[in-house]
Amino acid sequence: MKLETLINKNYEKLNKNDLHVLQYILSHRESCYDLSIVELANACFASRSSIHRLTKKLGFSGYSEFRVFLKWERETKHPTDDLMESFHSDVAQTLKNLDSVDFDTISKLLYQAGRIYIHGTGTAQLMCAKDCQRMFSIIETFIILIHDQVEFEAMYRGMQDTDVVLIISLSGDTPTLIPNIKQLNAKGIDVITITNLKNNKLAQMSPNNIYATTTPGATKEGTEITSFVPFYIAIEAMYRKYIEYCEQQKR
């Protein structure tokens, strides 16, 4: 499990000072694992006790265990200029991420939903959403596709608290979506997010998260390459888990 996942999972426990410390750690990952608790406290203008409490909030026994985790996380990263190696790594990490997803809860939400909506925040994300819609239609579970922000706002007026909204976002930090998620939460509508594995706003605002891992690469000419295959894998996993859940309900 990555640090970003732990932050999202325990976000409600964190205060402003905790987030300040975590922001420093995320910005200095290559060196933080080597700092003592006193050195980290001085660097963040925080107290030793506040950092110790922070590590407990994230599920560690104390700073020593947290420091080992940071070192392990650093050692498991293998930056490479090899685009295929990066692709293989992203697919493997995505499959590993999926092992920790609570698909039973997500499947139950979809199974009991009055209506299911899905929205992708960009062109590639919208293609993922369309493929999700296609797959679920095969098993006669019909999903309403929200094409853009205008449609989102129009459809919101007719949504009920028995509905579920799926959001696919690469960054998870799309500013225009934040007000929409707040409105959905206020209305009691369950939201399921599918985002890249990083600390992001959308995942913080919903307890139902599925993470894909995609690492931006670039050609020698500088053209950025971002694969959405991990997102299709995450959607496929959700689809297959949902089929298994439906079959269990029929027994």
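The coordinates are above.
Everything quoted here is computed from the prediction, not taken from an experiment. (Residues numbered from 1 in each chain as written. Predicted model: local features only at pLDDT ≥ 70, side-chain atom pairs only at ≥ 80, totals over all residues. Heavy atoms only, no water.)

Caption draft 1: Spatial organisation of the overall build of the protein chain. Scanning the protein chain from terminus to terminus reveals 13 helices and 7 strands. Relative to its length of 251 residues, the protein chain is compact, with a C-alpha radius of gyration of 20 Å against a globular reference of 18 Å. In terms of overall dimensions, the protein chain has a C-alpha envelope of 55 × 45 × 40 Å along the principal axes. Residue burial in the protein chain is summarised as follows: out of 251 residues, 44% are buried. Contacts in the protein chain between residues far apart in sequence, at least 24 positions, make up 70% of those at least 6 positions apart. Of the roughly 13,400 Å² of accessible surface on the protein chain, a fraction of 52% belongs to carbon and sulfur atoms. Placing the 28 positive and 30 negative side-chain charges of the protein chain at their respective mean positions leaves the two points 6 Å apart. (Helix = DSSP H or I, 4+ residues; strand = E, 2+ residues; numbered from the N terminus. Rg over C-alpha atoms; globule rule 2.2 N^0.38 Å. Buried < 20%, exposed > 50% of the residue type's maximum accessible area, 1.4 Å probe, protein only. Contact = heavy atoms within 4.5 Å. Areas by Shrake-Rupley, 256 points an atom, 1.4 Å probe, with all protein chains shown as cover. Lys, Arg positive; Asp, Glu negative; His and termini not counted. Charge placed at Lys NZ, Arg CZ, Asp CG, Glu CD.)

Caption draft 2: Highlighting the pairing of strand β2 (residues 143–146). Where strand β1 (residues 116–120) and β2 come together, 4 bridges link them in parallel fashion. Bridging across to β2, Y117 finds its partner in I144. Where the polypeptide runs from β1 across helix α9 (residues 123–138) and back to β2, its parallel neighbour, the crossover connection is right-handed. (Pairing = 2+ DSSP bridges. Right-handed = clockwise from strand over helix to strand, strands pointing away.)

Caption draft 3: Examining the pattern of salt bridges more closely. One pass over the full model with this rule turns up 5 salt bridges. Here R134 makes a salt bridge to D131, at a shortest N to O gap of 2.9 Å. Residue R134 and its partner D131 are both found in helix α9; the two are separated by 3 residues, about one turn of the helix. With a relative accessible area of 42%, R134 lands in the partly exposed category. Classification of D131 as partly exposed rests on a relative accessible area of 23%. (Salt bridge = Lys/Arg side-chain N within 4 Å of Asp/Glu carboxyl O.)

Caption draft 4: Structural detail: helix α7 (residues 83–98). The end-to-end C-alpha separation of α7 is 23 Å, in line with the 22 Å expected for 16 residues at 1.5 Å each. Looking at α7, one finds that the buried residues are S86, D90, V91, T94, N97 and L98. Considered in projection along α7, the buried side chains sweep an arc of 135° and stay on one side of the axis. Where the residues of α7 are buried, they touch α8 (103–112), β5 (208–212) and α13 (229–250). (Expected span 1.5 Å × (residues − 1). Arc of directions from axis to C-beta.)

Caption draft 5: Structural detail: the packing of helix α4 (residues 37–44) against helix α5 (residues 48–57). It is the contact of α4 with α5, at a shortest axis distance of 9 Å, that shows an interaxial angle of 105°. As the angle between them shows, α4 and α5 are arranged roughly perpendicular. Contact residues: α4 offers I37, V38, L40 and A41, while α5 offers R48, I51 and H52. Class assignment for the residues of the contact of α4 with α5 results in 5 nonpolar, 1 polar and 1 charged. (Axes fitted to C-alpha atoms, helices over the stretch in contact; angles between N-to-C directions. Parallel < 35°, antiparallel > 145°, perpendicular 65-115°, else oblique. Nonpolar A, V, L, I, M, F, W, Y, C, P; charged D, E, K, R; others polar.)

Caption draft 6: Highlighting the nonpolar core. Counting residues in each nonpolar core, the largest one holds 33 residues, and the members touching the most others are L110, I118, F136, I168, I194, I210 and M238. Contributing elements (two or more residues each) for this core: α8, β1, α9, β2, β3 (164–169), β4 (190–196), β5 and α13. Broken down by element, the residue count for this core peaks at 8 residues, all from α13. Every residue in contact with F136, bar those within four places of it in the chain, is listed here: L110, T141, I143, M238, Y239 and Y242. Counting residues in hydrophobic clusters, the runner-up holds 23 residues, among them L6, I25, Y33 and A41. (Core = buried A, V, L, I, M, F, W, Y, C linked by side-chain atoms within 4.5 Å.)

Keep in mind these numbers describe shape, not what the thing actually does.
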